[in-house]
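# Chain and residue survey
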Protein chains: 2
Amino acid sequence: MKEHKSISIADQIFEQLEHDILIGKYQRGEILTELKLSETLGVSRTPIREAIRRLEQEHIIEETSRGAVVIGISKEDLFDMYEIRMHLEGLAAARTARSITDDGLSKMKEVLDLQRYYVDKTDADNSDNSDNIKNLDSEFHRLLYIFSGSKAYYDTLLPIHKKMIKYRKASMKSHSRARQSLNEHEGIYHALEHHDPELAQKLTIEHATRARDSILEKEI
Amino acid sequence: MKEHKSISIADQIFEQLEHDILIGKYQRGEILTELKLSETLGVSRTPIREAIRRLEQEHIIEETSRGAVVIGISKEDLFDMYEIRMHLEGLAAARTARSITDDGLSKMKEVLDLQRYYVDKTDADNSDNSDNIKNLDSEFHRLLYIFSGSKAYYDTLLPIHKKMIKYRKASMKSHSRARQSLNEHEGIYHALEHHDPELAQKLTIEHATRARDSILEKEI
DNA sequence: ATATGTATTATTGTATACAATTATACCATG
DNA sequence: CATGGTATAATTGTATACAATAATACATAT
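Residues numbered from 1 in each chain as written. Chains lettered and ligands numbered in written order. Predicted model: local features only at pLDDT ≥ 70, side-chain atom pairs only at ≥ 80, totals over all residues. Heavy atoms only, no water.

## Some thoughts on the overall build of chain A
- For chain A, the count of helices and strands is ten helices and three strands.
- Secondary structure elements of chain A, listed N to C terminal, follow the sequence α-β-α-α-β-β-α-α-α-α-α-α-α.
- Principal-axis analysis of the C-alpha atoms places the extent of chain A at approximately 55 × 35 × 35 Å.
- Burial status across chain A gives 53% buried among its 220 residues.
- Within chain A, contacts between residues at least 6 apart in sequence are counted, and of these 74% link residues at least 24 apart. (Helix = DSSP H or I, 4+ residues; strand = E, 2+ residues; numbered from the N terminus. Buried < 20%, exposed > 50% of the residue type's maximum accessible area, 1.4 Å probe, protein only. Contact = heavy atoms within 4.5 Å.)

Written out as structure tokens, the structure is:
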């Protein structure tokens, strides 16, 4: 599914730290020191420093003389990020509807089918598939950005989407929202399939709006 | 003017490389190897690697097994980035108009006055102040983003604005455009001063639109 | 000639040693 | 008790050595 080029330790650490910060395992204000991470993770400081530089560049940590301070994502950030998505993601979807290939469509379909599988499974046996559903949800959006064919939209939207993970995770715990989200994705997919930019745009904006409202009513 | 915390060699190298890539000194496809940079810049590989990690995170270079390949910013990217700015920057300006303080206003005024100084100087003695003007132009936008009070808008818009440098630089070589741009900035500033979100938004969108058109007609 | 295997080289990846800086604790002094 | 200064410790910053990997060149066999 992904390119396979022997992911380095530094990259692994970056992804792990990024994930842990974005899901809130490390709280805002917490200080990460290189030595401590080095001991905890069992690697030298070099790859850790490189990971930290990248996190710093993403503005989710901040360097100080006493270590790297976790910034994380606040609810105000979340609100603003939804506003931004509501203004951009529809445009990206319209582009995707124009330019997506059959190959792209089948990749998105695959993700949707899996997402459908897990949602139905939860309906059937009441098991908790929220983590899988959340990841597939992310992947759907990532593909939507990629197949827009625009590096600028991809580079702008993906980081925003990634930074929402903590809140989307919470949102997906509500299975009714998970099911609704999937339905919306399927609607967007059909618009893409019919290469209907206006519809894709409209549905995507609605999707972002509902996602925001669903989170906001939860997070008061 | 800026926080002074003994900027490290790694940071300096990052800024220099970022600048050199974004102004096109390193062309798309060019390969930067750590050893070569290390010899050229007279430092060890460690700070260079850290700079490269950050550039990689910005998606302006790409790591391969043969070195870091320069990606840079294409004209298609530029077009998309303007589209994004046209949809977001007005919203940011409206927020700034709502929340900016007198202190923030005076900081922006200072930048505008300097920009006015250089524009008038060029009018008077025909000297080339385009680099100064371009930098002040950037600083105006940076302050506009900062005083929006939104980390999300800042983090989204600033990288986009930075990545346009090569093209804005070319645009500012036309003194009539430089003068017009300044006039537009002053208009936006007055809207901020009067805490008029609607006007600030409208003028900012117009500003982005004109900037785009000015560049596009040049770059055919 | 083409393909294949192997040695060589170029390059990145990681660990470690040391330097520089900053924060902290503690003591002395008024 | 407050203040300042000095030693100590904690932490980051940089250089360097070595390991791992990937690319290249070249020779050999078919």
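Having seen the model, we can carry on.
## Description of the interface of chain A and chain B
- At the junction of the two partners, chain A supplies 29 residues and chain B supplies 29 residues.
- Across the chain A/chain B interface, buried area totals approximately 2,700 Å², and carbon plus sulfur atoms make up 51% of it.
- Sorting the residues of chain A by area buried against chain B places Glu50, Gln57 and Lys151 of chain A first, and these three jointly supply 21% of that buried surface.
- On the surface where chain A and chain B come into contact, there are eight salt bridges. (Buried area = accessible area lost by both parts, 1.4 Å probe. Salt bridge = Lys/Arg side-chain N within 4 Å of Asp/Glu carboxyl O.)

## Overview of the domain arrangement of chain A
Residues and elements named next belong to chain A.
- Annotation of chain A at the domain level lists domain 1 (2–70) and domain 2 (75–216).
- Taking the mean C-alpha position of each, domain 1 and domain 2 sit 27 Å from one another.
- Taken residue by residue, the interface counts seven residues in domain 1 and four residues in domain 2.
- Interface area, domain 1 with domain 2, both sides summed: about 570 Å², of which 63% is carbon and sulfur.
- Ranking the residues of domain 1 by area buried against domain 2 places Leu22, Ile23 and Glu58 at the top, with a combined share of 64%.
- At the boundary of domain 1 with domain 2, the tally comes to two salt bridges.
- Taken together, the links from domain 1 to domain 2 amount to two residue pairs in polar contact (both at pLDDT 80 or more).
- Taken together, the residues of the side of domain 1 that touches domain 2 break down into three nonpolar, two polar and two charged. (Domains from an automatic or database assignment. Polar contact = N/O pair within 3.5 Å; in protein donor to acceptor, adjacent residues only side chain to side chain. Nonpolar A, V, L, I, M, F, W, Y, C, P; charged D, E, K, R; others polar.)

## Some thoughts on the protein's contact with DNA strand D
- Surveying the vicinity of DNA strand D reveals 20 residues, the closest of which are Arg53 of chain A together with Ile9, Ser44, Thr46 and Ser65 of chain B.
- In the model, a phosphate oxygen of DNA strand D is placed 2.6 Å from a nitrogen or oxygen of the isoleucine 9 of chain B main chain.
- Put simply, the parts of the chain that give the surface near DNA strand D at least two residues each are helix 3 (45–57) of chain A together with helix 1 (9–22) and helix 3 (45–57) of chain B.
- Looking at the surface near DNA strand D, its residues break down into five nonpolar, eight polar and seven charged. (Near = heavy atom within 4 Å.)

## Points about the sheet that holds strand 3 (residues 67–70) of chain A
Residues and elements named next belong to chain A.
- Judged by pairing direction, the sheet is antiparallel, and its three strands sit side by side in the order 1-3-2 without closing on themselves. In this open sheet, the two strands that pair with only one neighbour each are strand 1 (31–32) and strand 2 (61–64).
- The sheet contact formed by strand 1 and strand 3 spans two bridges and is antiparallel. Among the inter-strand pairings, leucine 32 is bridged to a residue of strand 3, identified as alanine 68.
- Across the face of the sheet, helix 3 comes into contact with strand 2 and strand 3 while running at roughly 115° to strand 2. (Pairing = 2+ DSSP bridges. Axes fitted to C-alpha atoms, helices over the stretch in contact; angles between N-to-C directions.)

## Quick notes on helix 1 (residues 9–22) of chain A
All names here are of chain A.
- With 14 residues, helix 1 ought to run about 20 Å at 1.5 Å a step, and its terminal C-alpha atoms sit 20 Å apart, in line with that.
- When we look at burial in helix 1, the residues that qualify are Ala10, Ile13, Phe14, Leu17, Glu18, Asp20, Ile21 and Leu22.
- In the stretch just after helix 1, glycine 24 is the one whose phi turns positive, near 90°. (Expected span 1.5 Å × (residues − 1).)

## Looking at the side chain of serine 214 of chain A
- For serine 214 of chain A, the location among the structural elements is in helix 10 (residues 197–218).
- Since its relative accessible area comes to 14%, serine 214 of chain A is described here as buried.

## Description of the packing of aromatic side chains
Residue and element names in this part refer to chain A.
- Under the criterion given, the structure shown has two aromatic pairs over all chains.
- Relative to tyrosine 118, the ring of tyrosine 117 has its centre 5.1 Å away and its plane inclined at 70°; by these criteria the two rings are edge-to-face.
- Judged by its relative accessible area of 46%, tyrosine 117 falls in the partly exposed class.
- The aromatic ring of phenylalanine 14 is capped on one face by arginine 54, whose charged end is 3.9 Å from the ring centroid. (Phe/Tyr/Trp six-rings, centres within 6.5 Å; stacked < 30°, edge-to-face > 60°. Lys NZ or Arg CZ within 6 Å of the ring centre and 35° of its normal.)

## A word on the nonpolar core
- Counting 73 residues, the largest nonpolar core has Ile21 and Leu88 of chain A together with Ile21 and Leu88 of chain B as its most contacted members.
- Sequence-distant contacts of isoleucine 21 of chain B, that is, excluding residues within four places in its chain, are made with Tyr26, Leu32, Leu55, Ile60, Ile61, Val70 and Gly72 of chain B. (Core = buried A, V, L, I, M, F, W, Y, C linked by side-chain atoms within 4.5 Å.)

## Notes on the relation of the copies chain A and chain B
- For the match of chain A to chain B, the screw axis carries a shift of 0.0 Å, the RMSD comes to 0.0 Å, and the turn is 180°. Here the two chains are linked by the operation of a two-fold rotation axis.
- Both copies present the same face, since 100% of the interface residues in chain A are matched by interface residues at the equivalent positions in chain B. (Least-squares fit on C-alpha atoms with pLDDT ≥ 70 in both.)

## Some words on helix 6 (residues 130–146) of chain B
- End to end, helix 6 of chain B covers 24 Å across 17 residues, agreeing with the expected 24 Å (1.5 Å per residue, within 8%).
- Packed against the buried residues of helix 6 of chain B are helix 4 (75–99), helix 5 (102–125), helix 7 (151–163), helix 8 (165–172), helix 9 (175–193) and helix 10 (197–218) of chain B.

## Digging into the protein's contact with DNA strand C
- As a matter of local geometry, DNA strand C sits amid 19 residues, with Ile9, Ser44, Thr46 and Ser65 of chain A together with Arg53 of chain B nearest to it.
- Here the atoms of DNA strand C within 4 Å of the protein split so that 68% fall in sugar or phosphate, with bases taking the remainder.
- Interatomic distance of 2.6 Å between a side-chain N/O atom of threonine 46 of chain A and a base nitrogen of DNA strand C.
- Arginine 49 of chain B is positioned with one of its side-chain polar atoms (N or O) 3.0 Å from a phosphate oxygen of DNA strand C.

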